[in-house]
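Chain residues, written in single-letter form:
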Amino acid sequence: MNDSLIDVLVHSVTSAAEGIRAFELHAADGRDLPAFTAGSHIDLHLPNGLVRNYSLVNSPAERHRYVIAVSLDANSTGGSKYLHENDLQGAVLKISTPRNNFPLIEDGAPKILIAGGIGITPLYAMIQRMEEIGDLWMLFYGARSRACAAFREELEALDAKQPGRVNFNFDDEAGQMLDVTSIAVRAPLAAHLYCCGPSPMLDAFNMVTANRMPDMVHVEYFTAPTTASENAADAADLPETFTVEIAGTGQSFEVKRGQSILGVLMENGVYAASSCQEGCCGTCVVQVLEGIPDHKDFVLSDRERATNQMMTICVSGSKSKKLLIDLD
Ligand code: FES
């Protein structure tokens, strides 16, 4: 499941808000880029060797460009820092084809969107798509201040067309952060709820939506939540060690319970794509040809996990003594 990479030219770099840079990427060969759906992200391979995921924020109707927005993270381990401190206009970078772990369900039901900070990015792509297909939506967008809210002017213009759809909460003006709990409690049961933002926001969202139909509740994690994955099995039910065999090459490795499969592969010189290494982005998802994974990710859907035909190798382990996986 490792995508082939695409060379893209950084066509422009602009400021989307205080501390947020927008990068417009065009195919380096001048052709159209692969089509994508709202909520998709790409892996961006940086010249410093890091791979980072960014949501596509432009309209999925566009094929001539991808736009990403990158917030400078005070705790950056090199991704956002690199993108903010270097002049990349005109540079050629490699990206993956878009993947969508956070799809917009186009079933005609209304959508309540809740964004915190840079979590607006996939939701803004969804809004543009819903404007095209005529779906009803309402956005609640929390940001530290007016100046920190990306795409504020574009969203204000959409609200002017149909007032009440865009609800900002600027922490410094409101004196409090966006109240996710009261928004979700008041949301109609027939509406899809989407939430993307920092972990405390997602924790509150998960708690208040726990009794809703799972198919109507959608979350995208940028970092792993503080709570462990509820999909993981009890340690007592798992083998102490298991074998991971790579289809095609026949290489096999022993992995101790609690060790990362990805880590073991890397230690043994086997390349596998990865990015977040926290089970959030889906970059390391591989096909499982034999065996039962112990899923600990936050990115696969319940249905995908139930098939046991795919797994994240950065955080997930094995319930069986052997896993046969396909890295291609
Ligand atoms: S590297 Fe992100 S889910 Fe494994």
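Computed from a predicted structure; not experimentally measured. Counting restarts for each chain: residues are numbered from 1 in the order of the written sequence. Totals for whole chains, interfaces and linings use all residues, but because this is a predicted model, local features are given only for residues with pLDDT of at least 70 and pairs of side-chain atoms are given and counted only at 80 or more. Only hydrogens and water are set aside; all other atoms, that is, all heavy atoms of the structure, feed into the side-chain values.

1. Focus on the domain arrangement of the protein chain
- Each domain's limits were defined by an automated method or a database of domain assignments. Split by domain assignment, the protein chain resolves into domain 1 (6-95), domain 2 (111-220) and domain 3 (235-326).
- Between domain 1 and domain 2, the contact holds 15 residues from the first and 15 residues from the second.
- Joining two parts hides part of their accessible area as seen by a 1.4 Å probe, and the buried area is that hidden amount summed over both. Contact between domain 1 and domain 2 buries roughly 1300 Å² in total, counting both sides, with carbon and sulfur atoms accounting for 63%.
- The rule for a salt bridge is simple: a side-chain nitrogen of Lys or Arg has to be within 4 Å of a carboxyl oxygen of Asp or Glu. Between the two partners, domain 1 and domain 2, sit zero salt bridges.
- Pairing of N or O atoms within 3.5 Å defines a polar contact, subject to two protein rules: one partner must be a possible hydrogen donor and the other a possible acceptor, and residues neighboring in sequence count only if both atoms are side-chain atoms. For the interface between domain 1 and domain 2, the tally reads four residue pairs in polar contact (both at pLDDT 80 or more).
- Going through the elements one at a time, β1 (6-17) and β5 (66-71) are the ones with two or more residues in the side of domain 1 that touches domain 2.
- Here the nonpolar group is Ala, Val, Leu, Ile, Met, Phe, Trp, Tyr, Cys and Pro; Asp, Glu, Lys and Arg are the charged ones; every other residue, Gly included, is treated as polar. Residue composition of the side of domain 1 that touches domain 2, grouped by class: nine nonpolar, five polar and one charged. Residue contacts follow a heavy-atom distance rule, with two residues in contact if any of their heavy atoms lie within 4.5 Å. Each helix corresponds to a stretch of at least 4 residues labelled H or I by DSSP, and each strand to a stretch of at least 2 residues labelled E; elements are numbered beginning at the N terminus.

2. Topic: helix α3 (residues 152-161)
- For α3, every residue scored as buried is listed here: Leu-155, Leu-158 and Asp-159. Considered in projection along α3, the buried side chains sweep an arc of 100° and stay on one side of the axis. Turned more than 90 degrees away from the buried face of α3, the exposed residues are Glu-153, Ala-160 and Lys-161. The classification of residues rests on relative accessible area computed with a 1.4 Å probe and restricted to protein chains. Under 20% of the type maximum is buried, over 50% is exposed, and intermediate values are partly exposed. The arc in question is the one spanned by the directions pointing from the helix axis to the C-beta atoms.

3. A closer look at the pattern of salt bridges
- As enumerated under the stated definition, the model contains 21 salt bridges in all.
- Between Glu-132 and Arg-129 there is a salt bridge whose closest N-O contact spans 3.6 Å. Of this pair, Glu-132 and Arg-129 are both found in helix α2 (residues 120-133), three residues apart, which corresponds to roughly one turn of the helix.
- In this structure Glu-132 comes out as partly exposed when scored by relative accessible area, which is 41%.
- By relative accessible area, Arg-129 is classed as partly exposed at 24%.

4. What about the sheet that holds β5?
- Between any two strands, at least two bridges found by DSSP are needed for them to pair. In space, the six strands of this open sheet follow the order β4-β3-β6-β1-β2-β5, with antiparallel pairing throughout. Lying at the two open borders of the sheet, with one neighbouring strand each, are β4 (51-55) and β5. With strand direction ignored, the average angle separating the axes of adjacent strands in the sheet is 45°.
- Examined bridge by bridge, β1 and strand β6 (residues 92-95) share four bridges and lie antiparallel to one another. Residue pairing across strands places Leu-9 opposite Val-92, the latter belonging to β6. Lines are fitted to the C-alpha atoms to define the axes, a helix being fitted only along its stretch in contact, and any angle between axes, read from their N-to-C directions, falls within 0 to 180 degrees.

5. Topic: α2
- The span you would expect from a helix comes to 1.5 Å times its residue count less one. Helix length check: α2, at 14 residues, gives a terminal C-alpha distance of 20 Å against a target of 20 Å (1.5 Å per residue), a fit within 8%.
- Most of α2 sits out of view: ten of its 14 residues are buried.
- Following α2 by one or two positions, Gly-134 has its phi on the positive side, about 80°.

6. Quick word on the environment of Glu-62
- Looking at where Glu-62 falls in the secondary structure, it is placed in the loop between β4 and β5.
- Residue Glu-62 is classed as partly exposed on the basis of its relative accessible area, which comes to 21%.
- The spatial distance from the C-alpha of Glu-62 to the C-alpha of Pro-122 is 15 Å, given a sequence separation of 60 residues.
- Reaching out from Glu-62, the side chain makes a polar contact with the side chain of Arg-65 at a distance of 2.7 Å.

7. A look at the environment of Ala-17
- Considering the arrangement of structural elements, one finds Ala-17 in strand β1.
- Placed 238 residues apart in sequence, Ala-17 and Val-255 show a C-alpha to C-alpha distance of 45 Å.
- With residues up to four places along the chain from it excluded, the contact list for Ala-17 reads Ala-147, Cys-148, Ala-149 and Ala-150.

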